[in-house]
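# Results of the structural survey
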Amino acid sequence: MTVYGNFPGSRPRRLRTTPAMRRMVAETRLDAADLILPAFVREGVDAPVPISAMPGVYQHTLDTLRKAAAEAVSAGVSGIMLFGVPADEKKDARGTAGTDPDGILQVALRAVREEVGDELVVMSDLCLDEYTDHGHCGVLTADGRVDNDATLERYAEMAQVQADAGAHVVGPSGMMDGQVGVVRDALDQTGHEDVSILAYTAKYSSAFYGPFREAVGSSLKGDRKTYQQDPANTRESLRELALDLEEGADMVMVKPAGPYLDVLAKVADAVDVPVAAYQISGEYAMIEAAAEKGWIDRDAAIMESLTGIRRAGAQMILTYWATEVAQRLGGR
């Protein structure tokens, strides 16, 4: 072979020659501490209920939820985000099970705190959709629209009961205007100044939520496009970001993660607070389904997807693979 001068003068492949070399020069690293485990707890069941569209994920009993929390601690996971699934007969138009001190989520919060104390950051989903008989994230008007300000009153009540039950962090996820400010005021006025807010800042109206509807036993008919963000918009998410920070958000989040890495990167570049991203049910289901058919390498796809989210700027990632991946990474 004829060599012309020193061409090529630069050889980036030298830094890709071995696994050790690639590991040494990696620009993005995943750590167990980056991960948060979303978990569902269902009222009135005596054994975990499999979620058909999310292989390996269950609606927990209180006992199995305790076990999952303890396993997450052992693996080095940083947090757990709890979602309550009430009995159908307890759903009503105002989602009162969500503010009942003895509602399933509040009972679960107390159980997990009793199990792990402060070894895991215990987070609670602050939204009405699991508890309403219409499945929307708020209170409805007579003509069926979600009433923003009436819903904020309910969120203030939810914040108090969730904090009373032991939540370290509340995650208002309903995309109501002003929700972070109202929740912050409610927490501060009830002696919960130390409870943090993880704001669902950019929560898009997404087709990828499908399996989640099964996971929480959603009663929704229709969609949430009048309050969740339009997938076509980016600047809107930055406006939401500015408002959430002004209202007192301690941390902010983009949801879903994978289809919105561009938004995640813009949010991460714009703030000096921790940034989270939620790898949602549809993202999980697609990888699991493709792997089951032998179309992709499951473990490699999981790690690549999480690395991409981390690379885009997320310091914290909510993922249903949190404990599994933390164990693979070596935990603590």
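Here the structure is shown first, and the text comes after it.
An account of the accompanying structure is given in this report.

Quick notes on the rules
- Residues numbered from 1 in each chain as written.
- Predicted model: local features only at pLDDT ≥ 70, side-chain atom pairs only at ≥ 80, totals over all residues.
- Heavy atoms only, no water.
- Helix = DSSP H or I, 4+ residues; strand = E, 2+ residues; numbered from the N terminus.
- Rg over C-alpha atoms; globule rule 2.2 N^0.38 Å.
- Buried < 20%, exposed > 50% of the residue type's maximum accessible area, 1.4 Å probe, protein only.
- Contact = heavy atoms within 4.5 Å.
- Lys, Arg positive; Asp, Glu negative; His and termini not counted.
- Charge placed at Lys NZ, Arg CZ, Asp CG, Glu CD.
- Core = buried A, V, L, I, M, F, W, Y, C linked by side-chain atoms within 4.5 Å.

Next up on the list: the overall build of the protein. Each helix and strand counted, the protein has 11 helices and 10 strands in total. Computed over the C-alpha atoms, the radius of gyration of the protein is 21 Å, within 12% of the 20 Å expected from 2.2 N^0.38 for a compact globule of 332 residues. Within the protein, the fraction of its 332 residues that count as buried is 52%. Considering only contacts in the protein between residues 6 or more positions apart, those separated by 24 or more positions represent 74%. Side-chain charges of the protein comprise 33 positive and 50 negative groups, with the mean position of each set lying 10 Å from the other.

Glancing now at unusual backbone geometry. A cis amide bond, omega -5 degrees, links Lys-255 with the succeeding residue Pro-256. Relative to the elements of secondary structure, Pro-256 occurs in the loop between strand 8 (251–255) and helix 8 (261–270). Not every positive phi belongs to a glycine, and Met-175 is a case in point at roughly 60 degrees. Its place among the elements puts Met-175 in the loop between strand 6 (169–172) and helix 5 (179–189). Of the residues examined, Met-175 reaches a relative accessible area of 6% and is grouped as buried.

What follows is about the side chain of His-134. Mapped onto the secondary structure, His-134 falls in the loop between strand 5 (121–126) and helix 4 (148–165). By relative accessible area, His-134 is classed as buried at 16%.

A few words on the nonpolar core. Residues Ile-80, Leu-82 and Tyr-155 are the most contacted members of the largest nonpolar core, which totals 98 residues. Other than its neighbours up to four places away in sequence, Leu-82 contacts Ala-39, Leu-65, Leu-105, Ala-108, Leu-109, Val-112, Val-122, Met-123, Ser-124 and Asp-125.

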